[in-house]
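Structural overview
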Amino acid sequence: MSGGERGAPGRSASRAGRDLPAAIAVGVGLGAVILVALLTVRELFIGVVAVAVAVSTYELTGALKRGAGIRVALAPVLIGGQAVLWLAWPMGRDGVLSAFVVTMLVCLLWRLKDGSDGYLRDVTASVFTVAYVAVFASFAVMLVVPEDGVFRVLAFLIGVVLSDTGGYVAGVLLGKHPMAPTISPKKSWEGFAGSMVAGMAGGVLTVGHLLGGQWWQGVLFGAAIVVTATSGDLVESLIKRDLGIKDMGTLLPGHGGLMDRMDSLLPSAVVSWLLLHLFVPA
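In this report, we go over the structure that sits alongside the text. What you see is a predicted model; the values in this text were computed from it and never measured.

**What to know about the overall build of the protein chain**
When helices and strands are tallied, the protein chain shows 10 helices and two strands. Along the chain direction, N to C, the helices and strands of the protein chain fall in the order α-α-α-α-α-α-β-β-α-α-α-α. A compact globule built from 282 residues should have a C-alpha radius of gyration of about 19 Å, and the protein chain, at 19 Å, falls within 12% of that. Considered along the principal axes of its C-alpha atoms, the protein chain spans approximately 55 × 45 × 30 Å. Here the contacts in the protein chain between residues at least 6 apart in sequence split such that 73% fall between residues at least 24 apart. Total accessible area on the protein chain stands at roughly 12800 Å², and carbon and sulfur atoms take up 72% of it. In the protein chain, 20 positive and 18 negative side-chain charges are present, and the distance between their average locations comes to 6 Å.

Now the structure itself:
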């Protein structure tokens, strides 16, 4: 999740709306796994992303079924999602698009056996799941492909982490004005401002120093990551409200499901790749 929560009386964990010690432990553990993969063999990073996508896809399809009775074509979506990711390394955008289109076709055919009742709903949800999880995640894979790919991924991840951290601190300490009360009541404009300050500072450091870009490019990059991370969190909150569920899963203590952590990362991966491709071409 990203952005800042509004302050309220009580212990720090309840004010944040999460089990803080567990959330920190899980976050540090996930970060350590990603760093080891990035700093050893870069292909391992794709494996980490692939596992995250598989788990998140399973959680999302389960949530759609629990909340709305939507039957996603799980096998084609899981297999197709993996194809999208693994073809992103050797073939780039062409591989992603080809795998996605073939997966769409298989989903259309897979659902025929269950008849017309709910056909359009189920097929649409299947295609949405592949696009929202696997296709968005494929941009994280494409970030790591260039020679300086490790630094590109670090810029992306640091931007999201600083957005989340800055928003959390500012929201808990200063949050008074709700940002989207009908979608995510704990988010505040003060938290968003904290996210923006931290995100832009991180962008200057990563784009300017790790990747050799200009300082103003780092500012724009950091601001864009904050917007997409916060928007991704709000989008998933709206999906969960629509489905009538609190979390996508229960895998991660203090966070919910893995998909509950992917909400800010997925759209930010897309924007990170696009902006870094423009600002510091490989």
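Moving on, there is more to tell.
**Here's the deal with the environment of Ala 223**
On the secondary structure map, Ala 223 appears in helix α8 (residues 215–243). Residues Ala 223 and Gly 208, spaced 15 residues apart in sequence, show a C-alpha to C-alpha distance of 14 Å. Not counting residues within four places of it along the chain, the set of residues in contact with Ala 223 comprises Met 196 and Met 200.

**Looking at the packing of helix α3 (residues 42–68) against helix α5 (residues 119–144)**
Contact geometry for α3 and α5: axes closest at 10 Å, N-to-C directions at 160 degrees. It follows from the interaxial angle that α3 and α5 lie roughly antiparallel. Regarding α3 and α5, the two cross each other, and that crossing is right-handed. Between α3 and α5, the contacting residues are Arg 42, Phe 45, Ile 46, Val 49, Val 53, Ser 56, Thr 57, Leu 60, Thr 61, Leu 64 and Ala 68 on the first element and Arg 121, Ala 125, Phe 128, Thr 129, Tyr 132, Val 133, Ala 134, Ala 137, Ala 140, Val 141 and Val 144 on the second. Within the contact of α3 with α5, the residues separate by chemical class into 16 nonpolar, four polar and two charged.

**Observations regarding the side chain of Asp 122**
The residue Asp 122 is located in helix α5 in this model. Residue classification places Asp 122 among the buried positions, given a relative accessible area of 1%. In terms of polar contacts, Asp 122 uses its side chain to reach the side chain of Arg 111, at 2.8 Å. Setting aside residues up to four positions removed in sequence, Asp 122 forms contacts with Ile 70, Arg 71 and Arg 111.

**Some points on the packing of aromatic side chains**
Here the distance between the centres and the angle between the planes together describe a pair of aromatic rings. Counted according to the given criterion, the structure contains five aromatic pairs. Measuring from ring centre to ring centre gives 6.2 Å for Tyr 132 and Phe 136, while their planes differ by 75 degrees; the resulting arrangement is edge-to-face. Taken together, the residues Tyr 132 and Phe 136, both in helix α5 and four residues apart, mark about one turn of the helix. Residue class for Tyr 132 comes out buried when judged on its relative accessible area of 8%. According to the relative accessible area criterion, Phe 136 is partly exposed, its value standing at 28%. These aromatic residues form a ring-pair network of at least three members: Phe 128, Tyr 132 and Phe 136.

About the thresholds
Residues numbered from 1 in each chain as written. Predicted model: local features only at pLDDT ≥ 70, side-chain atom pairs only at ≥ 80, totals over all residues. Heavy atoms only, no water. Helix = DSSP H or I, 4+ residues; strand = E, 2+ residues; numbered from the N terminus. Rg over C-alpha atoms; globule rule 2.2 N^0.38 Å. Contact = heavy atoms within 4.5 Å. Areas by Shrake-Rupley, 256 points an atom, 1.4 Å probe, with all protein chains shown as cover. Lys, Arg positive; Asp, Glu negative; His and termini not counted. Charge placed at Lys NZ, Arg CZ, Asp CG, Glu CD. Axes fitted to C-alpha atoms, helices over the stretch in contact; angles between N-to-C directions. Parallel < 35°, antiparallel > 145°, perpendicular 65-115°, else oblique. Left-handed = near helix turned anticlockwise from the far one by under 90°. Nonpolar A, V, L, I, M, F, W, Y, C, P; charged D, E, K, R; others polar. Buried < 20%, exposed > 50% of the residue type's maximum accessible area, 1.4 Å probe, protein only. Polar contact = N/O pair within 3.5 Å; in protein donor to acceptor, adjacent residues only side chain to side chain. Phe/Tyr/Trp six-rings, centres within 6.5 Å; stacked < 30°, edge-to-face > 60°.

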